[in-house]
Amino acid sequence: MDQDIATILFSEDEILKGIDRVAAEVTTAYRDQDFTVVSVLKGSCIFASDLIRRIPIPLELAFVSASSYGDGTESQGLAVNYLPADGEIEGRNLLLVDDILDTGRTLHQLSGELIRRGARDVKACAFLDKPSRRAVPFHADFSCFEVEDLFVVGYGLDYAGRYRNLPFVGALRPELYSSDEDSTEPAAASAD
Ligand code: PRP
């Protein structure tokens, strides 16, 4: 996989330092409140698991599943596939945790849906924030890193389902996807 990466943007050490900083901010914000971390599957599972282990106050954990991209590089709208049970939402302070805030549609729509279903408060925490791509107004209450408009993979972020297991965040080599936006597979992804 490594040869498919043009540039490493954030190393493992840099990632953990960024998460330490955000975990401290989250801890301060929720020190006197019950709250539930809601991990947006699939991409945020690695970030959420590192984040919650650095938050030394009580919290609960829940999951939502929403998909906005299909297998290409352009957003194709949002399908909400799974929400927490009503009892995990109603009257709760929820912290939505996602791997990347891109157009903003995923977190905007999920926040609205959770409020409609009775959440007391919904905040958002993004591992990466790509503000140049925003299509709907949405601000993350917490974020680890801002990134420019590159196709980033690793540390949970995928292209066509792959690269999530890279321990760092890297920019995918453009020739692997730029001529192939409607395809369901990278043009020449390595089998490694
Ligand atoms: C990605 C990512 C975010 C969302 C961000 O999810 O994990 O949830 O897109 O994009 P947006 O701000 O433009 O809505 P994807 O649909 O690729 O699913 P995945 O998490 O399973 O990879």
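Higher on the page you've got the structure.
Residues numbered from 1 in each chain as written. Predicted model: local features only at pLDDT ≥ 70, side-chain atom pairs only at ≥ 80, totals over all residues. Heavy atoms only, no water.

Visitor: Is there a simple way to think about the overall build of the protein in this case?
Guide: The secondary structure content of the protein amounts to four helices and nine strands. Helices (α) and strands (β) of the protein occur, in sequence order from the N terminus, as β-α-β-α-β-β-α-β-α-β-β-β-β. Counting the 192 residues in the protein, one finds 48% classified as buried. Looking at the protein as shown, the accessible area adds up to about 9,200 Å², and 47% of this sits on carbon and sulfur atoms. (Helix = DSSP H or I, 4+ residues; strand = E, 2+ residues; numbered from the N terminus. Buried < 20%, exposed > 50% of the residue type's maximum accessible area, 1.4 Å probe, protein only. Areas by Shrake-Rupley, 256 points an atom, 1.4 Å probe, with all protein chains shown as cover.)

Visitor: Explain the pattern of salt bridges to me, please; I cannot follow it from the model alone.
Guide: With the rule as written, the count across this model stands at 13 salt bridges. Close ionic contact of D20 with R54 constitutes a salt bridge, the shortest N to O distance being 2.9 Å. Remark: R54 occurs in the loop between α2 (45–52) and β3 (60–67) and D20 occurs in helix α1 (residues 12–29); sequence separation between them is 34 residues. With relative accessibility at 41%, the residue D20 sits in the partly exposed group. Here D50 ties to R53 by a salt bridge, and the two come within 2.7 Å at their closest N and O atoms. D50 gets classed as buried once you look at its relative accessible area, which sits at 13%. (Salt bridge = Lys/Arg side-chain N within 4 Å of Asp/Glu carboxyl O.)

Visitor: Just to check I follow, could you spell out the nonpolar core for this structure?
Guide: Across soluble globular proteins, you tend to see nonpolar side chains buried next to one another. Ranked by size, the top nonpolar core spans 28 residues in total, and within it F47, L51, L95, F127 and L128 carry the most contacts. Put simply, the parts of the chain that give this core at least two residues each are α1, α2, β5 (93–101), β6 (121–129) and β7 (142–146). In terms of residue count, α1 provides more of this core than any other element does, five residues in total. (Core = buried A, V, L, I, M, F, W, Y, C linked by side-chain atoms within 4.5 Å.)

Visitor: Just to check I follow, could you spell out the sheet that holds β6 for this structure?
Guide: Pairing between sheet strands relies on hydrogen bonds along the backbone, with the strands arranged either parallel or antiparallel. An order of β4-β3-β2-β5-β6-β7 is seen for the six strands of this open sheet, with the pairing classed as mixed. Sheet topology places β4 (79–82) and β7 at the edges, where each strand pairs with a single neighbour. For this sheet, the mean inter-axis angle between neighbouring strands, taken without regard to orientation, is 25 degrees. For β6 and β7, the ladder comprises four bridges, and the chain directions are parallel. (Pairing = 2+ DSSP bridges. Axes fitted to C-alpha atoms, helices over the stretch in contact; angles between N-to-C directions.)

Visitor: Before we go on, may I ask you to explain α2 in this structure?
Guide: The periodicity of an α-helix, 3.6 residues per turn, causes residues three or four positions apart to be oriented the same way. F47, A48, D50 and L51 are the residues of α2 that are buried. The arc that holds every buried residue of α2, seen down its axis, measures 170 degrees, which confines them to one face. Those residues of α2 hidden inside the fold are in contact with α1, β2 (36–41), β5, β6 and β7. (Arc of directions from axis to C-beta. Contact = heavy atoms within 4.5 Å.)

Visitor: Looking at this structure, I do not really get the sheet that holds strand β1 (residues 5–10). What am I missing?
Guide: Strands sit in the order β1-β9-β8 across an open sheet of three strands; the sheet is antiparallel. Lying at the two open borders of the sheet, with one neighbouring strand each, are β1 and β8 (152–153). Pairing analysis gives two bridges linking β8 to strand β9 (residues 169–172), with the strands arranged antiparallel. Bridged to V153 within β9 is G170.

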